[in-house]
Amino acid sequence: MDGGQEVSGKFVVASSNTPEILEPAETALDNIAPFIEALAEAVEGYPVGFVWNDGFRAAIDDFGAKAVAIVAFVPNEGRHGRRELQKGRAAGYLPQIWTPDAETERKRRLVARRYQVVRHRTRLKNEVHSILHAHLIPKCPHADLFNGRGRAWLAAQPLPDDERAAIDRHVRELDRLAEDLALLDREIAQDAIDDSAVNRLMTITGVNLAVAAGIMAAIGDISRFNSPQKLVSYFGLNPRVRQSGLGAAHHGRISKIGRSHARAMLVEAAWAAAKAPGPLHAFFVRIRARRGHQIAAVAVARKLTVLCWHLLTKGRTRFLQSSSRS
């Protein structure tokens, strides 16, 4: 692209009062920074928003040579939209994004398949329990309905022939899924056995091999998160905030925007950590007394995410133990 290509646009001065719309001005791409500096001096330092007619929107944080930061880019469809993308890339105004490599994509697929198998097993077990509940069968006296003693008790219950056939079909499917789950766990373990990051995450209470490998597959490169809050937001564990202007901020449920597999694993690890003695258990009990056990589990999952960020960025292997003594 020619650095002197002319574009037309308009400047908007945003202040606490009614925004002032300045007249459209013509400038060249390679002269944007000096033009913004002159405009900033003219408007006495108000935050300036620059809008191009072809779809670019930029927010000016600091009036300097590198002051333009893209907030949103909505190109039109077709040839004109591709031309806009090319102009933005050549001008250096399109932010770069991180893309996972082939190995990270493979690990993500393994974790996703394992998550699907676990959900399918849970669905089948719930169907068996619903059949027993529909026929007023009392609760199984054993710890697990699907181990050896539990299956013997299940076989002795009086059920119609069609319901008995359905339960037998579900049990056979559970056995097949257990074999698939063992194969996936073995493959995930082979990838993670020499991974120092996975080993560090496993030092956190409640985080096992599957959870640690799933978190690392979702994160990829931890350096793209410059704060633990960014990682929490990536997993969708941050609460929604509704605020208008300078009014009061209202916090709602978690956003659930991000990688659902990793979020589900973190909540699973949070429940395990809540049952073990330690600072996470004390934190869970304290939140549960005020907000209930579901919100407490999500709060523990959010704290686990913060711990993961510190372990991965600082390279410490005993972060949780040292923090609990301080």
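Residues numbered from 1 in each chain as written. Predicted model: local features only at pLDDT ≥ 70, side-chain atom pairs only at ≥ 80, totals over all residues. Heavy atoms only, no water.

Overall, the coordinates contain three aromatic pairs when judged by the stated rule. With a centroid separation of 5.1 Å and 55° between ring planes, the pair formed by Phe225 and Tyr234 is classed as tilted. Using a relative accessible area of 7% as the deciding quantity, one classes Phe225 as buried. A centroid spacing of 5.7 Å and a plane angle of 50° characterise the contact between Tyr234 and Phe235, whose relative ring orientation is tilted. (Phe/Tyr/Trp six-rings, centres within 6.5 Å; stacked < 30°, edge-to-face > 60°. Buried < 20%, exposed > 50% of the residue type's maximum accessible area, 1.4 Å probe, protein only.)

This brings us to the layout of surface pockets. In this structure, the largest pocket spans a volume of roughly 630 Å³. Taken together, 21 residues form the lining of the largest pocket, with Arg253, Ile254, Gln294, Ile295 and Val298 sitting closest to its centre. Taken together, the residues of the lining of the largest pocket break down into eleven nonpolar, four polar and six charged. (1 Å grid on protein atoms, 1.4 Å probe; cavity = no way out; pocket = protein on both sides within 12 Å on 5 of 7 lines; lining within 4 Å. Points joined across faces, edges and corners; volume = space filled by probe spheres on them. Nonpolar A, V, L, I, M, F, W, Y, C, P; charged D, E, K, R; others polar.)

The next point concerns helix 5 (residues 161–192). Residues separated by three or four positions in an α-helix point in the same direction, a consequence of the helix having 3.6 residues per turn. The end-to-end C-alpha distance of helix 5, which contains 32 residues, comes to 46 Å, matching closely the 46 Å that a straight helix rising 1.5 Å per residue would cover. Within helix 5, the full set of buried residues consists of Glu163, Arg164, Ala166, Ile167, His170, Val171, Leu174, Leu177, Leu181, Leu184, Ile188 and Ala192. Check the buried side of helix 5 and you find it contacts helix 3 (102–134), helix 4 (148–155), helix 6 (196–201) and helix 7 (209–219). (Helix = DSSP H or I, 4+ residues; strand = E, 2+ residues; numbered from the N terminus. Expected span 1.5 Å × (residues − 1). Contact = heavy atoms within 4.5 Å.)

This part is about the environment of Arg106. Tracing the backbone through its elements, the reader meets Arg106 in helix 3. Using a relative accessible area of 25% as the deciding quantity, one classes Arg106 as partly exposed. C-alpha of Arg106 to C-alpha of Ala217: the two residues are 111 residues apart in sequence and 8.7 Å apart in space. Once you skip the residues sitting within four places of it in the chain, Arg106 turns out to touch Glu187 and Asp191.

One recurring pattern in soluble globular proteins: nonpolar side chains tend to sit buried together. Ranked by internal contacts, the top residues of the largest apolar core, which has 66 residues, are Leu201, Phe235 and Leu304. For this core, the element with the highest residue contribution is helix 11 (residues 293–314), accounting for twelve residues. With residues up to four places along the chain from it excluded, the contact list for Leu201 reads Val207, Ala212, Ile215, Met216, Cys308, Leu311 and Leu312. (Core = buried A, V, L, I, M, F, W, Y, C linked by side-chain atoms within 4.5 Å.)

Looking at the element boundaries, His170 is found in helix 5. Classification of His170 as buried rests on a relative accessible area of 12%. Discounting chain neighbours no more than four positions away, the residues touching His170 are Leu124, Glu127 and Val128.

Any two side chains of opposite charge can pair, on the condition that their charged atoms come close. Taken as a whole, this structure holds seven salt bridges when the rule is applied. The salt bridge involving Arg106 is made with Glu103; its shortest N-O contact spans 2.8 Å. Here Arg106 pairs with Glu103, and both are found in helix 3, just three residues apart, close to one helical turn. A salt bridge links Glu173 to Arg176, with the shortest nitrogen-to-oxygen separation between them at 2.6 Å. Placement of both Glu173 and Arg176 in helix 5 is noted, with a separation of three residues, approximately one turn of the helix. What makes Glu173 partly exposed here is its relative accessible area of 22%. (Salt bridge = Lys/Arg side-chain N within 4 Å of Asp/Glu carboxyl O.)

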